[in-house]
Structures are given as C-alpha cells and as structure tokens.
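Results of the structural survey
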Amino acid sequence: MESPADPPECLACGTCCFSLLETYVPVSGDDHARLGDDAALLVVFHGNRAFMRMEDGHCAALRVDGAAGSFVCGVYERRPETCRALARGSGACAGERATKQDRPVAALLRARRRDSGTDGAPPV
Ligand code: SF4
Ligand code: SF4
C-alpha cells in the first residue's frame with residue numbers, strides 16, 4: 001500500500017492541482033511573465049492579486065487524460081513558484097493526498113464518461 005513516504009508518480013496523481021478555492025495558486029509578477037501568452041487564458045485577477053484560473057475543481061492548466069489515466073501540467077516548465085515549492089514526497093504532498101486524493105479519481109471518471117459520450121442528457 002502507498003505510504004506518505006512512497007508517493008505515486010505525479011503524472012498518476014495530480015492531487016495537489018485540485019482545489020475548490022478560486023484563489024488556490026497565487027501568480028506572482030515573475031510567474032505571470034514566465035507564463036507568457038498563456039497567462040491571458042490561465043490567469044485571473046481577484047482584486048489586485050493574480051491566481052491560476054480554476055476549472056472543474058482543478059487548475060485550468062491541468063490536463064486530465066481519462067484514456068491514459070494521467071494528470072499533466074500543461075505549463076510544467078513554466079508553472080508558478082507555489083507549484084515548484086510543493087515537492088513530491090514532502091509533508092505537504094502527503095497532506096494533499098491524505099485530504100483530496102478522491103478528487104483526481106472522480107475527475108478521471110468524468111473525463112472517461114465525457115470521452116465515451118455518456119455524460120450528457122439521457123436519450124429521449
Ligand atoms: S506532488 Fe504529491 S500530491 Fe502533487 S501530484 Fe505529485 S505526488 Fe501528487
Ligand atoms: S500550474 Fe501546473 S502544477 Fe501548478 S496547479 Fe496548475 S496544473 Fe498543477
């Protein structure tokens with residue numbers, strides 16, 4: 001069984017990219033500049049502070065691939081400093097997985113239903 005000291009690969013986990021908060025991932029001036037053109041789509045402002053846009057309960061930069069069962073950060077090399085600071089296998093990583101691990105699992109199921117066309121209205 002997986003333990004806090006033996007985390008899954010991030011590509012198979014994705015948990016720390018999930019939150020119901022709209023102000024989950026702060027974006028500094030440097031982060032914003034590093035995101036380049038993608039900032040227009042991925043960054044939102046709350047007051048005078050910037051954050052990664054959230055979508056379906058996770059950061060909008062996260063790509064949930066139902067077929068592959070993977071979670072890929074679409075801006076990995078340019079991700080904000082907050083994301084860089086959360087090290088796989090750290091206490092924070094273990095805390096994320098202990099409290100939210102069901103969310104990526106549910107997102108994978110939603111993605112698979114979407115891909116198979118079974119998430120829409122029932123046939124009439
Ligand atoms: S850092 Fe930890 S919580 Fe985040 S994706 Fe990687 S294993 Fe999962
Ligand atoms: S920028 Fe990438 S690593 Fe950071 S929360 Fe969004 S998807 Fe996850």
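Presented here is a report on the structure given in the accompanying data block.

This part takes up the nonpolar core. In terms of nonpolar packing, the biggest core is built from 18 residues, with Cys-17, Met-52, Cys-59, Ala-61 and Leu-62 touching the most fellow members. Listed by contribution, the elements that provide at least two residues to this core are β3 (49-52) and β6 (62-65). Among the elements that take part in this core, β3 stands out by supplying three residues, more than any other. The contacts of Met-52, once residues within four sequence positions are left out, are Val-25, Val-27, Leu-42, Val-43, Cys-59, Ala-60, Ala-61 and Pro-80.

Each regular strand shows side chains that alternate between the opposite faces of the sheet. Going residue by residue along β6, you find Leu-62 and Val-64 tucked away on one face and Arg-63 and Asp-65 left uncovered on the opposite face. Alignment of β6 against strand β7 (residues 70-73), held across four bridges, turns out to be antiparallel. Paired with Asp-65 across the two strands is Ser-70, which belongs to β7. Remark: four residues form the turn of the hairpin made by β6 and β7, two consecutive strands paired antiparallel; Gly-69 in that turn has positive phi of roughly 65°.

Okay, the site of ligand 2 next. Around ligand 2 lies a shell formed by Cys-17, Val-25, Met-52, Cys-59, Ala-61, Leu-62, Cys-73, Val-75, Arg-79, Pro-80 and Cys-83. Residue classes in the shell around ligand 2 are distributed as 10 nonpolar, no polar and one charged.

With respect to the helices, strands and loops of the structure, Val-25 is situated in the segment before β1 (26-27). C-alpha of Val-25 to C-alpha of Gly-57: the two residues are 32 residues apart in sequence and 13 Å apart in space.

Turning our eyes to something else, we now look at the sheet that holds β3. One open sheet holds the three strands; their spatial order is β1-β3-β2, and the pairing between them is antiparallel. Each end of this open sheet is capped by a strand with a single partner; those strands are β1 and β2 (43-46). Bridging between β2 and β3 involves four bridges; their strand directions are antiparallel. Following the sheet pairing, His-46 is matched in β3 by Arg-49.

Taking 1.5 Å per residue as the helical rise, helix α5 (residues 102-116) with its 15 residues ought to reach 21 Å, and the 21 Å between its terminal C-alpha atoms agrees with that figure. Of the residues flanking the end of α5, it is Gly-117, one or two places downstream, whose phi is positive at about 75°.

For Asp-56, which is not glycine, the phi torsion reads 55° and is therefore positive. Within the element layout of this structure, Asp-56 appears in the loop between β4 (54-55) and β5 (58-59). By the C-beta count within 10 Å, which is 14 here, Asp-56 ends up partly exposed.

Parameters and conventions
Residues numbered from 1 in each chain as written. Chains lettered and ligands numbered in written order. Predicted model: local features only at pLDDT ≥ 70, side-chain atom pairs only at ≥ 80, totals over all residues. Core = buried A, V, L, I, M, F, W, Y, C linked by C-beta atoms within 7 Å. Buried ≥ 20, exposed ≤ 12 C-beta atoms within 10 Å, placed from the backbone. Helix = DSSP H or I, 4+ residues; strand = E, 2+ residues; numbered from the N terminus. Contact = placed C-beta atoms within 7 Å. Pairing = 2+ DSSP bridges. Near = placed C-beta within 6 Å. Nonpolar A, V, L, I, M, F, W, Y, C, P; charged D, E, K, R; others polar. Expected span 1.5 Å × (residues − 1).

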